[in-house]
Amino acid sequence: MIPWIELFIVLTCLYVGARYGGIALGVISGIGLAILVFGFQMKPGTPPTTVIYIIIAAVTTAGILQASGGMDFLIQIAEKLLRRHPNRITFLAPYCTFFLTVLCGTGHVVYTLTPIIADIALKKGIRPERPVAVSSIASQVGITCSPIAAAVVSFATMTADNGFGVSILQILSVTIPSCMLGLFFAALYSNRRGLDLDKDPEYQKRLQDPELKHYMFGETATLMNKELPKSAKTSVLMFFAALVVIGLLASFPELLPKFGEKAKPLSMSLVIQIVMLCAGGLILLVCKIKPKDIVAGSVWQAGMVAVVAIYGIAWLSDTYFSTHISSMKSGINTMVQGAPWAFAFALFGVSVLINTQGGTVLAVMPLGFSLGIPVTVLVGILPSVYGYFFIPNYPSDIASMNFDRSGTTKIGKYLLNHSFMAPGLISVITSCIFGYFWAKVIIGA
């Protein structure tokens, strides 16, 4: 009975923290941690310090990129593509938000591009819900495809700790094509979803109101006219160079320095930290960035909030699971032995609850390794750590509804019948099915 009470405490803290959002996820998890340790005499788990250090390094460099104008430069490129092919915006927009996340390691870069997507669609007479909803989904899907995202780095670290040593490049070789395929089918569905604007009675009713009509069509959301500093292109090139260096060192470990009696090469977790910090420092010096502009940016602030959230969530979860893992194995083992892919439901469910992919990996994935689930299966179902579109309370989804001035991107009458549900489910399910088989090709059975 006591383990169930302890689990209830863990889930309650995660639920309450998720409802408050942001940094509350971490500090409210601390309440649960204190209850388990001091109240139930549970041995504290291990906080995910390595992952946190990587997030700090990557987010700081991404924040410097934003302060230099590099983020706006990338978004201008995306906007040019979308305005050149407005009829294909439902297919092109999600891939734009996807690759922005892949490059920057955070889905929070989507906020600047979403109003542009909505504006282009509306002015072209395309139902904005079609590209906007799937683009919001794509911005989060890209997290498991980014070499500097916490979910990928922490998962790669776990594979090494459990004796498998699956590299970040191997993981991305599975997740990127899987998620791109999933997004294609999500966009294919979205391309015909909902009524056309000229047949939508709710939209036509909004058009009859002069104030609403001016609100929808009065201004054009764009970054095309924004003059960027010369440092913008330079910072992007330097940022890309850092990613290339990380990729090369991951592909050719013989290039890494070796230490100790056994001459072990430098771990990739340290490589990412060193290269990211170095790149950030060089961008700051070369582009003459003011440090106060970095910490004032949305990317750095959101990243630091994620650090605290992951810190609390992972420590609380590790404390509970490390104590009860032996007793939990027998109950879950029966299910996953016959269908190891079913572990994806556990990952998805926890993600719905705690609203973070990196936190989900840290909280639940160790259980998958302890149950003996093949590493190829765990890599293949990695996209299932994105389930927080299920309840439409994530910032990118809420922002997307606000940016769509036509009112077509919305929460339904019954809460769960919202604009993000179908494209989210289609994307995640397709990605996991393809990834399950593709991982066996890339990594081996």
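Refer to the structure printed above.
Structural notes, computed from the coordinates. In this text, all values refer to a predicted model and were calculated from it rather than measured experimentally.

Definitions and limits used
Residues numbered from 1 in each chain as written. Predicted model: local features only at pLDDT ≥ 70, side-chain atom pairs only at ≥ 80, totals over all residues. Heavy atoms only, no water. Helix = DSSP H or I, 4+ residues; strand = E, 2+ residues; numbered from the N terminus. Rg over C-alpha atoms; globule rule 2.2 N^0.38 Å. Buried < 20%, exposed > 50% of the residue type's maximum accessible area, 1.4 Å probe, protein only. Contact = heavy atoms within 4.5 Å. Salt bridge = Lys/Arg side-chain N within 4 Å of Asp/Glu carboxyl O. Core = buried A, V, L, I, M, F, W, Y, C linked by side-chain atoms within 4.5 Å. 1 Å grid on protein atoms, 1.4 Å probe; cavity = no way out; pocket = protein on both sides within 12 Å on 5 of 7 lines; lining within 4 Å. Points joined across faces, edges and corners; volume = space filled by probe spheres on them. Nonpolar A, V, L, I, M, F, W, Y, C, P; charged D, E, K, R; others polar. Axes fitted to C-alpha atoms, helices over the stretch in contact; angles between N-to-C directions. Parallel < 35°, antiparallel > 145°, perpendicular 65-115°, else oblique. Left-handed = near helix turned anticlockwise from the far one by under 90°.

**Examining the overall build of the chain**
Tallying secondary structure elements over the chain gives 20 helices and two strands in all. Here the C-alpha atoms of the chain give a radius of gyration of 22 Å, agreeing with the 22 Å that 2.2 N^0.38 yields for 445 residues. If you line up the chain on its principal axes, its C-alpha atoms span 70 × 55 × 45 Å. Expressed as a percentage of the 445 residues in the chain, the buried residues total 53%. Within the chain, contacts between residues at least 6 apart in sequence are counted, and of these 80% link residues at least 24 apart.

**As for the side chain of Ser 427**
Positionally, Ser 427 belongs in helix α20 (residues 421-442). Look at Ser 427 and you get buried, because its relative accessible area is 0%. Excluding anything up to four places from it in sequence, Ser 427 contacts Ile 137, Val 141, Gly 182, Leu 183 and Ala 186.

**A word on the pattern of salt bridges**
One pass over the full model with this rule turns up 10 salt bridges. For Lys 410, the salt bridge is made with Glu 202, and the minimal N-O distance between the two is 3.0 Å. Pair noted here: Lys 410 is in the loop between α19 (395-403) and α20 and Glu 202 is in helix α10 (residues 201-207), with a separation of 208 residues, a long-range link. For Glu 202, a relative accessible area of 49% translates into the label partly exposed. Residues joined in a network through salt bridges with shared partners are Glu 79, Arg 83, Asp 119, Lys 123 and Arg 405.

**Side note on unusual backbone geometry**
If you check the backbone angles, Gln 41 has positive phi at about 60° while not being a glycine. The class of Gln 41 is exposed, set by a relative accessible area of 64%. For Lys 288, which is not glycine, the phi dihedral falls at a positive 55°. Of note, Lys 288 is situated in the loop between α13 (268-286) and α14 (291-296). The exposure class assigned to Lys 288 is exposed, which follows from its relative accessible area of 73%.

**Some details on the nonpolar core**
Nonpolar side chains tend to gather and get buried jointly when the protein is soluble and globular. Within the largest apolar cluster, 132 residues are counted, with the highest numbers of intra-cluster contacts made by Leu 113, Phe 155, Met 276, Phe 343 and Met 365. The contact partners of Phe 343, leaving out residues within four places of it in the chain, are Val 336, Val 364, Met 365, Leu 367, Gly 368, Leu 371, Ile 373, Leu 378 and Ile 381.

**Concerning the environment of Arg 88**
Within the secondary structure, Arg 88 sits in the loop between α4 (70-84) and α5 (89-104). For Arg 88, a relative accessible area of 56% puts it in the exposed group.

**Concerning empty space enclosed by the protein**
Taken as a whole and judged by the stated rule, the model has one cavity of 30 Å³ or more. Its boundaries defined by the atoms lining it, the largest cavity holds a volume of some 40 Å³. Looking at the largest cavity, the residues that line it are Val 141, Thr 144, Cys 179, Gln 357, Pro 383, Tyr 386, Ser 427 and Val 428. Taken together, the residues that form the lining of the largest cavity break down as five nonpolar, three polar and no charged.

**Some words on the packing of α5 against helix α7 (residues 129-141)**
One way to put it is that α5 packs onto α7 with a least axis distance of 7 Å and a crossing angle of 25°. By the angle class used here, α5 and α7 are roughly parallel. In the crossing of α5 with α7, the sense of the turn from one axis to the other is right-handed. Note on element contacts: α7 touches α5 through Arg 130, Pro 131, Val 134, Ser 135, Ala 138, Ser 139 and Val 141, opposite Ile 89, Thr 90, Ala 93, Pro 94, Thr 97, Phe 98 and Thr 101. Considering only residue class, the contact of α5 with α7 consists of eight nonpolar, five polar and one charged.

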